[in-house]
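Here's the letter readout for the chains.
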Amino acid sequence: FLRDFGFGGILADDMGLGKTVQLLALLELRRVEGTGRPSLVVVPKSLVFNWKEEAARFTPGLRVLDHTGLLRKREAPDFAGFDVVLTTYGVLRRDILLFKDVAFDYVVLDEAQAVKNASSSSAKAVRLLSGSHRLALSGTPVENHIGELASILEFTNPGLLGRTRAFQRGRGELGVEGRALLARTIRPFVLRRTKDQV
């Protein structure tokens, strides 16, 4: 649905429900469909090994480029021939001049709460990325205030929430009616399931 209508989305299932595997299945489908472009997956440094291991286990047909470490390639043509480019938020910030000019199929943020502060370097960097489709994965899209969710949504669906002062200050002072309107607005773009539901 999101792809057909040109929207991005947030997969916000509870931890342990397989967000990584669900995304790998989607990327495998895109490989089979032959999009001809790699997808970019941005993860915290601590999850690089996990992503590589799960990709090898569940989607061995995906050609994954580990774009981390000091020996990483520094030119976009090096991405050709890969289905997935895996990098970290730190490397993305350092290599943003390389990444911003690449047209990716999907741009995916894992543990997307890493961009919850809209004025952070990571949040600014991910908004510069170019992808036909955008997804964010986070079991905790809101940890402290509604501004964190607004920052993630600004990546997945730029301009969806406008520039509301309550979001900019991060206080989320919306009131009951404002919160109900916000919930209705974002419902089509956020999938959240709890362990009890699954």
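Residues numbered from 1 in each chain as written. Predicted model: local features only at pLDDT ≥ 70, side-chain atom pairs only at ≥ 80, totals over all residues. Heavy atoms only, no water.

By the definition in use, this model includes 9 salt bridges. Measuring nitrogen to oxygen at the nearest pair gives 2.7 Å for the salt bridge that ties R63 to D83. Linking R63 in the loop between α3 (48–58) and β3 (64–66) with D83 in the loop between β3 and β4 (84–88), this pair joins segments that are 20 residues apart in sequence. Classification of R63 by relative accessible area gives partly exposed; the value is 43%. The closest approach of N and O atoms between D95 and R72, which form a salt bridge, is 2.7 Å. One end of the pair, D95, is in the loop between α4 (89–94) and α5 (96–99); the other, R72, is in the loop between β3 and β4, with 23 residues separating them in the sequence. The exposure class of R72 is buried, given its relative accessible area of 11%. Residues joined in a network through salt bridges with shared partners are R30, E33 and D105. (Salt bridge = Lys/Arg side-chain N within 4 Å of Asp/Glu carboxyl O. Helix = DSSP H or I, 4+ residues; strand = E, 2+ residues; numbered from the N terminus. Buried < 20%, exposed > 50% of the residue type's maximum accessible area, 1.4 Å probe, protein only.)

A regular strand places its side chains on the two faces of the sheet in alternate fashion. Where burial is concerned, most of strand β2 (residues 39–43) is hidden: 5 out of the 5 residues are buried. Pairing of β2 with β4, which is carried by 5 bridges, proceeds in the parallel orientation. Counted as the bridge partner of S39 is V84 from β4. In this sheet, strand β5 (residues 103–110) lies alongside β2 in parallel orientation, the contact comprising 3 bridges. Looking across to β5, one finds that L40 is bridged to V107. (Pairing = 2+ DSSP bridges.)

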